[in-house]
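Below are the chains, spelled out letter by letter.
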Amino acid sequence: MTVVTYLIYLLIAVPLTIWVARTLSRNGRIFLVDVFHGNEDFADAVNRLLVVGFYLVNLGFVTLFLRTGSTVVDARGVIEQLSVKVGIVMVVLGVLHLLNVWTFNAIRRRSRLEEMTTPPVPPNTFVGAGPFQSPLTGTQQPMPSGY
């Protein structure tokens with residue numbers, strides 16, 4: 001029964017990992033394009049790298065977590081082992097997803113802050129006499145009031 005537990009675990013954990021990776025890749029693309037200021041090529045490249053890293057980490061964890069410390073002798077033991085193993089895999093998938101979202105949100109927040117600190121136009125070197133008058137260029141003489 002232990003071998004049956006291993007096989008069922010792999011039949012659940014591997015497709016679950018693939019489904020989560022594809023879902024995150026497909027739905028996360030828009031977020032990455034925004035994080036990288038509309039650079040779609042760069043966002044797609046980062047998205048592919050994230051998927052590869054996601055597969056490596058999660059499938060490596062699934063493989064390392066395959067072994068069980070106790071012998072499974074009945075259907076109850078199979079269900080208990082599977083619930084623990086699949087549950088932990090799901091928690092790890094969720095934590096890694098949250099870490100990715102947090103990291104890219106921090107990058108996005110920092111880039112938005114930098115955009116807000118940069119003025120939209122360069123500052124003028126001379127200031128005009130009033131809010132409705134054009135600034136002096138340095139070659140013009142100030143006009144007396146009343147003209």
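Residues numbered from 1 in each chain as written. Predicted model: local features only at pLDDT ≥ 70, side-chain atom pairs only at ≥ 80, totals over all residues. Heavy atoms only, no water.

Draft legend 1. Structural context of the confidence of the model for the protein chain. For the protein chain, per-residue confidence averages 80 on the pLDDT scale, and residues scoring 70 or more make up 79% of the total. No element of the protein chain has a lower mean pLDDT than helix H3 (residues 75–117), which averages 83, and none a higher one than helix H2 (residues 40–64), which averages 89. (pLDDT = per-residue confidence, 0-100. Helix = DSSP H or I, 4+ residues; strand = E, 2+ residues; numbered from the N terminus.)

Draft legend 2. Structural context of the packing of aromatic side chains. In total, this model carries two aromatic pairs according to the counting rule given. For the pair Phe61 and Phe65, a centre-to-centre distance of 5.3 Å together with 10 degrees between the ring planes defines the contact as stacked. A relative accessible area of 24% means that Phe61 is categorised as partly exposed. Phe65 gets classed as partly exposed once you look at its relative accessible area, which sits at 22%. The positively charged end of Lys85 is found above the aromatic ring belonging to Phe65, 4.3 Å away from the centroid. (Phe/Tyr/Trp six-rings, centres within 6.5 Å; stacked < 30°, edge-to-face > 60°. Buried < 20%, exposed > 50% of the residue type's maximum accessible area, 1.4 Å probe, protein only. Lys NZ or Arg CZ within 6 Å of the ring centre and 35° of its normal.)

Draft legend 3. Inspection of the pattern of salt bridges at higher detail. In total, this model carries three salt bridges according to the counting rule given. With a shortest N-O distance of 3.1 Å, Glu40 and Arg29 are connected by a salt bridge. Residue Glu40 is located in helix H2, and its partner Arg29 is located in helix H1 (residues 2–35); the two are separated by eleven residues in the primary sequence. Between Arg76 and Glu80 there is a salt bridge, with the nearest N and O atoms lying 2.9 Å from each other. With Arg76 and Glu80 both in helix H3 and four residues apart, the pair spans about one turn of that helix. Residues joined by salt bridges that share partners form a network here, namely Arg29, Glu40 and Asp44. (Salt bridge = Lys/Arg side-chain N within 4 Å of Asp/Glu carboxyl O.)

Draft legend 4. Inspection of the environment of Val51 at higher detail. Note on placement: Val51 falls in helix H2. In sequence terms Val51 and Ala21 are 30 residues apart; their C-alpha atoms lie 6.1 Å from each other. Once residues lying within four places of it in the same chain are set aside, the contact partners of Val51 are Ala21 and Ser25. (Contact = heavy atoms within 4.5 Å.)

Draft legend 5. Region of the structure containing the nonpolar core. Counting residues in each nonpolar core, the largest one holds twelve residues, listed as Tyr9, Ala13, Val20, Ala21, Phe54, Val62, Val72, Val78, Leu82, Val86, Val89 and Leu93. Elements represented by at least two residues in this core include exactly H1, H2 and H3. It is H3 that provides the largest number of residues to this core, a total of five residues. Those residues in contact with Val72 that sit more than four places away from it in its chain are Met1, Thr2, Thr5, Gly77, Val78 and Gln81. With seven residues, the next largest nonpolar core counts Leu32, Val33, Val35 and Phe36 among its residues. (Core = buried A, V, L, I, M, F, W, Y, C linked by side-chain atoms within 4.5 Å.)

Draft legend 6. Up close: H2. In this model, H2 (25 residues) spans 36 Å end to end at C-alpha, consistent with the 36 Å of a helix rising 1.5 Å per residue. Residues of H2 that are buried include every one of Ala43, Asp44, Val46, Asn47, Val51, Phe54, Asn58 and Val62, and no others. (Expected span 1.5 Å × (residues − 1).)

Draft legend 7. Expanded view of a nonpolar patch on the surface. A cluster of nonpolar side chains, Met1, Val4, Ile8 and Ile12, forms an exposed patch at the surface whose accessible area comes to about 300 Å². Checked against the element boundaries, Ile8 lands in helix H1. (Patch = residues over 30% accessible without salt bridge, like charges linked within 9 Å, V, L, I, M, F, W, Y side chains within 5 Å. Areas by Shrake-Rupley, 256 points an atom, 1.4 Å probe, with all protein chains shown as cover.)

Draft legend 8. Structural view of the packing of H1 against H2. Packing of H1 against H2 brings their axes to within 9 Å, and their N-to-C directions diverge by 160 degrees. When the axis of H1 is compared with that of H2, the two are roughly antiparallel. Crossing hand, H1 versus H2: right-handed. Here the residues of the contact of H1 with H2 are counted per class, giving 18 nonpolar, four polar and four charged. (Axes fitted to C-alpha atoms, helices over the stretch in contact; angles between N-to-C directions. Parallel < 35°, antiparallel > 145°, perpendicular 65-115°, else oblique. Left-handed = near helix turned anticlockwise from the far one by under 90°. Nonpolar A, V, L, I, M, F, W, Y, C, P; charged D, E, K, R; others polar.)

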